[in-house]
Amino acid sequence: MRELLEKMMNRYGISLSVTIGKETWNIRGIFQPVFSKSRQSMERSYSALGTAPKGQYLLIAPAEPTMFMGCGLAAKGKRYRLRRVDTVYHQDKPVYQWCLCEETEG
């Protein structure tokens with residue numbers, strides 16, 4: 001399953017640079033803006049109906065390198081911070097990482 005998802009990310013994903021500590025990794029992943037309805041399901045608190053702060057993105061990334069909240073991300077000339085990272089497992093093996101990102105300054 002992991003190999004199939006990585007092939008999909010390589011084919012349909014975009015190039016991203018992930019900064020973990022002092023190391024930078026170049027990966028390919030599925031990177032999409034988060035819209036109001038889908039974003040509400042990721043929030044611990046809810047905003048006014050029909051609103052969502054701009055600059056929120058969902059990233060589906062390979063299982064490696066292991067990312068965590070606060071890591072840096074660069075894509076399409078912009079910089080982001082990982083707000084939430086969850087690793088998805090299949091039969092006790094990591095398959096991919098689900099990340100919620102927010103755009104940062106500079």
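Note: the structure precedes this text.
Rules of the game
- Residues numbered from 1 in each chain as written.
- Predicted model: local features only at pLDDT ≥ 70, side-chain atom pairs only at ≥ 80, totals over all residues.
- Heavy atoms only, no water.
- Helix = DSSP H or I, 4+ residues; strand = E, 2+ residues; numbered from the N terminus.
- Buried < 20%, exposed > 50% of the residue type's maximum accessible area, 1.4 Å probe, protein only.
- Contact = heavy atoms within 4.5 Å.
- Areas by Shrake-Rupley, 256 points an atom, 1.4 Å probe, with all protein chains shown as cover.
- Phe/Tyr/Trp six-rings, centres within 6.5 Å; stacked < 30°, edge-to-face > 60°.
- Pairing = 2+ DSSP bridges.

*Asks:* Explain the overall build of the protein to me, please; I cannot follow it from the model alone.
*Replies:* What the protein contains, in helices and strands, is 2 helices and 6 strands. For the protein, the sequential pattern of α-helices and β-strands runs α-β-β-α-β-β-β-β. Within the protein, buried positions represent 35% of all 106 residues. Looking at the protein alone, contacts between residues at least 24 apart form 52% of all its contacts between residues at least 6 apart. For the protein, the accessible surface area stands at approximately 7,200 Å², while carbon and sulfur atoms represent 52% of it.

*Asks:* What should I look at first to understand the packing of aromatic side chains in this one?
*Replies:* Aromatic rings in a pair are described by how distant their centres are and how their planes are angled relative to each other. Tallied over the full model, the rule gives 3 aromatic pairs. On the numbers, 5.1 Å between centres and 75° between planes, the contact of Tyr57 with Tyr80 is edge-to-face. A residue pair is termed long-range when its members are at least 10 positions apart, and Tyr57 in strand E3 (residues 56-62) and Tyr80 in strand E5 (residues 78-90) qualify at 23 residues. Like Tyr80, Tyr57 is buried. Among the aromatic residues, those joined into a ring-pair cluster are Phe31, Tyr57 and Tyr80.

*Asks:* Explanation requested: the side chain of Gln56 in the structure shown.
*Replies:* If you trace the backbone, Gln56 turns up in strand E3. On the basis of relative accessible area, Gln56 is assigned to the buried category, the value being 6%.

*Asks:* Sorry, what's going on with the pairing of strand E4 (residues 72-75) here?
*Replies:* Regular strands show a simple pattern: their side chains alternate between the two faces of the sheet. Here E4 shows a clear split, with Leu73 and Ala75 buried on one side and none of Gly72 and Ala74 buried on the other. Bridge analysis of strand E1 (residues 14-20) against E4 gives 3 bridges, and the strand direction is antiparallel. Opposite Val18, over in E4, you have Leu73 as the bridge partner. As judged from the 4 bridges shared by E4 and E5, these two strands associate in the antiparallel manner. Residue pairing in the sheet places Leu73 in a bridge with Tyr80 of E5. With antiparallel pairing between neighbouring strands as the criterion, E4 and E5 make up a hairpin whose turn holds 2 residues, including Lys76 at a positive phi of roughly 50°.

*Asks:* How should I be thinking about unusual backbone geometry in this particular structure?
*Replies:* Peptide bonds are trans in most cases, and residues, glycine excluded, mostly fall at negative phi. Cis geometry marks the peptide bond from Glu64 to Pro65, where omega comes out at 5°. One non-glycine residue, Gln91, lies in the positive phi region at around 55°. Since its relative accessible area comes to 66%, Gln91 is described here as exposed. Backbone geometry places Asp92, a non-glycine residue, at a positive phi of 65°. Looking at where Asp92 falls in the secondary structure, it is placed in the loop between E5 and strand E6 (93-103).

So, to be careful, I would describe these as geometric facts and stop short of saying anything about function.
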